[in-house]
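Geometric and topological summary
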Amino acid sequence: MGRSDLALKDLEAATAVGRPIPEMYLHLAQARLIAKDRTGADAALRKAQDSGLDAGSLHPLERKAYDRLLAELTR
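1. A short note on the nonpolar core
- In terms of nonpolar packing, the biggest core is built from 18 residues, with Leu26, Leu28, Leu45, Leu58, Tyr66, Leu69 and Leu73 touching the most fellow members.
- Elements supplying a minimum of two residues to this core: α1 (4-16), α2 (22-34), α3 (38-50) and α4 (60-73).
- Among the elements that make up this core, the one with the highest residue count is α2 (6 residues).
- With near-sequence residues (within four places) excluded, leucine 28 lies in contact with Leu8, Leu11, Glu12, Thr15 and Ala44.

Laid out in structure tokens, this is it:
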């Protein structure tokens with residue numbers, strides 16, 4: 001909805017507590033990219049991948065978003 005500031009706040013809090021699931025880092029990467037924080041988006045995506053993100057098991061809509069994120073970060 002264009003409110004990356006609110007999403008970032010919630011996702012930062014969610015990933016700081018306990019053991020976050022890889023998809024949380026994926027969503028954090030997306031929010032950081034929307035907020036024009038490419039470095040932060042790249043770091044969050046690496047955390048998602050390092051914590052076991054399996055792109056093949058993502059919902060088809062999330063898979064499309066993941067593919068767009070990868071394409072944007074590799075430009």
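2. Describing α3
- Over its 13 residues, α3 extends 18 Å from the first C-alpha to the last, a length consistent with the 18 Å expected when each residue adds 1.5 Å.
- Gly40, Ala41, Ala44, Leu45 and Ala48 are the residues of α3 that are buried. For α3, the angular spread of the buried residues around the axis is 135°, confining them to a single face. Across from the buried face of α3, at angles greater than 90 degrees, the exposed residues are Thr39 and Asp50.
- Where the residues of α3 are buried, they touch α2 and α4.
- Looking one or two residues beyond α3, the residue adopting positive phi is glycine 52, at roughly 105°.

3. What about the packing of α2 against α3?
- Direction vectors running N to C along α2 and α3 enclose 170°, while the axes themselves pass 8 Å from each other. If you check the angle between α2 and α3, you find them roughly antiparallel. The residues of α3 that touch α2, namely those facing Pro22, Tyr25, Leu26, Leu28, Ala29, Arg32 and Leu33, are Arg38, Gly40, Ala41, Ala44, Leu45, Lys47 and Ala48.
- Residue composition of the contact of α2 with α3, by class: 10 nonpolar, 1 polar and 3 charged.

4. Quick notes on unusual backbone geometry
- Residue lysine 36 is not a glycine yet carries a positive backbone phi of 70°.
- In this structure, lysine 36 sits in the loop between α2 and α3.
- The class for lysine 36 is exposed, based on a relative accessible area of 73%.

Each value, and the rule that gives it
Residues numbered from 1 in each chain as written. Predicted model: local features only at pLDDT ≥ 70, side-chain atom pairs only at ≥ 80, totals over all residues. Heavy atoms only, no water. Core = buried A, V, L, I, M, F, W, Y, C linked by side-chain atoms within 4.5 Å. Buried < 20%, exposed > 50% of the residue type's maximum accessible area, 1.4 Å probe, protein only. Helix = DSSP H or I, 4+ residues; strand = E, 2+ residues; numbered from the N terminus. Contact = heavy atoms within 4.5 Å. Expected span 1.5 Å × (residues − 1). Arc of directions from axis to C-beta. Axes fitted to C-alpha atoms, helices over the stretch in contact; angles between N-to-C directions. Parallel < 35°, antiparallel > 145°, perpendicular 65-115°, else oblique. Nonpolar A, V, L, I, M, F, W, Y, C, P; charged D, E, K, R; others polar.

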